[in-house]
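If you want the building blocks of each chain, they are given just below.
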Amino acid sequence: DGGITQSPKYLFRKEGQNVTLSCEQNLNHDAMYWYRQDPGQGLRLIYYSQIVNDFQKGDIAEGYSVSREKKESFPLTVTSAQKNPTAFYLCASSIATRVETQYFGPGTRLLVL
Amino acid sequence: KQEVTQIPAALSVPEGENLVLNCSFTDSAIYNLQWFRQDPGKGLTSLLLIQSSQREQTSGRLNASLDKSSGRSTLYIAASQPGDSATYLCAVNVNDYKLSFGAGTTVTVRA
């Protein structure tokens with residue numbers, strides 16, 4: 001089955017710790033995205049990547065980092081600089097044209113201990 | 001900056017009633033508009049995508065309209081069922097693949 005997988009489903013972060021969220025897709029999509037969702041708010045874009053080895057900051061990139069070494073994978077690291085990381089994180093992908101829909105993974109909920 | 005608003009934030013209807021969900025956006029220069037469904041604690045599922053040149057899209061009991069000039073879209077769900085209970089989000093595609101999302105309307109269909 002083609003789709004997007006995210007792991008883990010739940011992640012706990014201690015103060016001062018960096019944590020990495022995994023996102024993998026087998027849809028052969030060129031573009032991948034990371035969003036943050038907070039209660040009562042719309043999704044906000046953290047980073048996006050249109051091709052391998054290239055990515056751009058979204059609206060709320062501070063305190064986050066990404067890499068895109070493989071077409072299938074787009075991991076997100078939440079660094080200790082992100083002071084309010086508790087949220088639901090969603091990864092998405094799309095064919096690399098702006099008129100195509102985005103397909104979403106099941107999400108990772110990040111909680112702070 | 002594109003702002004997307006969805007009103008009401010929550011809606012409760014009896015089974016069988018038609019649902020009308022509203023989405024408004026401030027900048028009419030969009031490439032497309034999408035409606036998504038989100039179940040609690042889950043990812044988003046795309047329901048309908050309307051290109052900027054289109055006026056509406058239909059899929060089964062779902063119909064979405066787009067009026068770019070007034071910055072509005074409406075999602076109609078006919079003959080609602082308890083399984084339609086979810087949060088519905090609209091998103092507009094402005095540039096560079098980025099989507100601007102509304103906060104969503106949470107729908108409860110009572111049996």
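Look a little higher up for the structure.
Residues numbered from 1 in each chain as written. Chains lettered and ligands numbered in written order. Predicted model: local features only at pLDDT ≥ 70, side-chain atom pairs only at ≥ 80, totals over all residues. Heavy atoms only, no water.

Colleague: Quick one: what's the story with the sheet that holds strand β3 (residues 19-25) of chain B, residue by residue and with numbers?
Modeller: Strand order in the open sheet formed by 5 strands is β1-β3-β8-β7-β6 (chain B), with antiparallel pairing between adjacent strands. Strands at the two margins of the open sheet, each flanked by one partner only, are β1 (4-5) and β6 (56-59) of chain B. (Pairing = 2+ DSSP bridges. Helix = DSSP H or I, 4+ residues; strand = E, 2+ residues; numbered from the N terminus.)

Colleague: Can you lay out the side chain of A:Ser94 for me, pointing to particular residues and giving the numbers?
Modeller: Residues and elements named next belong to chain A. Structurally, Ser94 is set in strand β9 (residues 87-94). Owing to a relative accessible area of 1%, Ser94 belongs among the buried residues under this scheme. A polar contact of 2.7 Å, which involves the side chain of Ser94, links it to the side chain of Tyr33. The contacts of Ser94, once residues within four sequence positions are left out, are His29, Asp30, Ala31, Tyr33, Thr101 and Gln102. (Buried < 20%, exposed > 50% of the residue type's maximum accessible area, 1.4 Å probe, protein only. Polar contact = N/O pair within 3.5 Å; in protein donor to acceptor, adjacent residues only side chain to side chain. Contact = heavy atoms within 4.5 Å.)

Colleague: I'd like to hear about the interface of chain A and chain B, residue by residue, with values.
Modeller: Interface size, as often reported, equals the accessible area lost upon joining of the parts. With 24 residues of chain A in contact, the opposing surface of chain B contributes 21 residues. Buried area between chain A and chain B, both sides added, is near 1900 Å², and the carbon and sulfur share of it is 55%. There are 0 salt bridges connecting chain A and chain B. Our count for the contact surface shared by chain A and chain B stands at 4 residue pairs in polar contact (both at pLDDT 80 or more). Going through the elements one at a time, β4 (31-37), β5 (44-51) and β9 of chain A are the ones with two or more residues in the side of chain A that touches chain B. Along the lines of polarity and charge, the residues of the side of chain A that touches chain B split into 11 nonpolar, 9 polar and 4 charged. (Buried area = accessible area lost by both parts, 1.4 Å probe. Salt bridge = Lys/Arg side-chain N within 4 Å of Asp/Glu carboxyl O. Nonpolar A, V, L, I, M, F, W, Y, C, P; charged D, E, K, R; others polar.)

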